[in-house]
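As a plain string of letters, each chain reads:
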Amino acid sequence: WLDRLKSGLSRTREQFGAIGSLFSRRKIDEELLEELETTLLMADCGVEATTALLTELRLRWKRDKLETGEELQAALAEALKQLLAPLQAPLDISGKQPFIIMLAGINGAGKTTSIGKLTHHFQAQGKSVLLAAGDTFRAAAREQLLEWGRRNNVTVIAQDGGDPAAVAFDAIAAARARNIDVVLIDTAGRLPTQLHLMEEIAKVRRVIQKAEPSGPHEVLLVLDANIGQNALAQLKAFDASIGVTGLIITKLDGTAKGGVLAAIARSQPKPLRFIGVGEGIEDLQPFDAGEFVEALFV
Ligand code: GDP
């Protein structure tokens, strides 16, 4: 996985690799730190996280008498790992059956793909999975999920143009009847107005809770890493309406904006349950801060 992660993160790695070459050239001075600041901003770390990292590095430069670029790079890796540590909180599905996961996110974020990958992830742990095609506004989304379910022998609860909340309700009842371990509930990603969307998914959430008072046990927001700093605004909006309990950040491959993780950690930390680094079924894995930083620098 580490090798896969490294190749997946190649574009963000280039951004951080630039830091490496920045460092190897010379001794630490203010000019070097300013160049580093620009590079971090370009990797979409955001102003707050970048400032925090720079403050930490300046402190260590003086306090620990760092001299070489290599020493500064090691200090940066350490500071980044500490910054990202609060995001590391793997999803634990034990203790509830069925464990109900609601997924939200705007169209194209990678929700449907992530549902397929998550199903594979849980099945690999010997768990049974049932899917709810809760995006009843987009026939293609329902078809995509149904097709995926057929191919992989997973039950998909769907309704032709029906009420998304009703689909979620039926899915939970079906999961109980069949002794299923994990229910993954898809939701719509775009409606005529964004306000409408938030009302709709908040309703799905309420109905899930009616069907299972302890649920949903996880509300996962799927974010596309390519949107960079906009991820913060999306997180805020979804969190206000459905109470996000965990994140999936997709498409970290093919983007140089991997620094968005630092921005989230600094401004709106939420458990980052999984990261996606490709379209393959294995390309979604639990987030590990140490591994992530190692993949960026080593
Ligand atoms: P949805 O509209 O949110 O359900 O998005 P989809 O699941 O249909 O994904 C939109 C596109 O993003 C598809 O072409 C996926 O193959 C692609 N995708 C999803 N996750 C990843 C990822 O981690 N890396 C890459 N490269 N592509 C991804």
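Overview of the structure. These figures come from a predicted structure and were not determined experimentally. (Residues numbered from 1 in each chain as written. Predicted model: local features only at pLDDT ≥ 70, side-chain atom pairs only at ≥ 80, totals over all residues. Heavy atoms only, no water.)

**Description of empty space enclosed by the protein**
Summed over all chains, the structure comprises 1 cavity of 30 Å³ or more. Considered as a void within the structure, the largest cavity measures approximately 40 Å³ in volume. F16, C45, L80, L84, G258, G259, L261, A262, F292 and L296 are the residues that line the largest cavity. (1 Å grid on protein atoms, 1.4 Å probe; cavity = no way out; pocket = protein on both sides within 12 Å on 5 of 7 lines; lining within 4 Å. Points joined across faces, edges and corners; volume = space filled by probe spheres on them.)

**A closer look at the layout of surface pockets**
Looking at the largest pocket, its volume works out to about 250 Å³. Every residue lining the largest pocket is counted, 19 residues in all, and those nearest its centre are G108, A109, G110, T113 and K251. When residues in the lining of the largest pocket are grouped by element, the largest group, 5 residues, is from helix α6 (residues 111-124). Grouping the amino acids of the lining of the largest pocket by side-chain chemistry returns 3 nonpolar, 10 polar and 6 charged. (Helix = DSSP H or I, 4+ residues; strand = E, 2+ residues; numbered from the N terminus. Nonpolar A, V, L, I, M, F, W, Y, C, P; charged D, E, K, R; others polar.)

**Things to note about the environment of L223**
Structurally, L223 can be placed in strand β5 (residues 218-224). According to the relative accessible area criterion, L223 is buried, its value standing at 1%. Sequence-wise, L223 and T250 are 27 residues apart; in three dimensions their C-alpha atoms are separated by 6.1 Å. (Buried < 20%, exposed > 50% of the residue type's maximum accessible area, 1.4 Å probe, protein only.)

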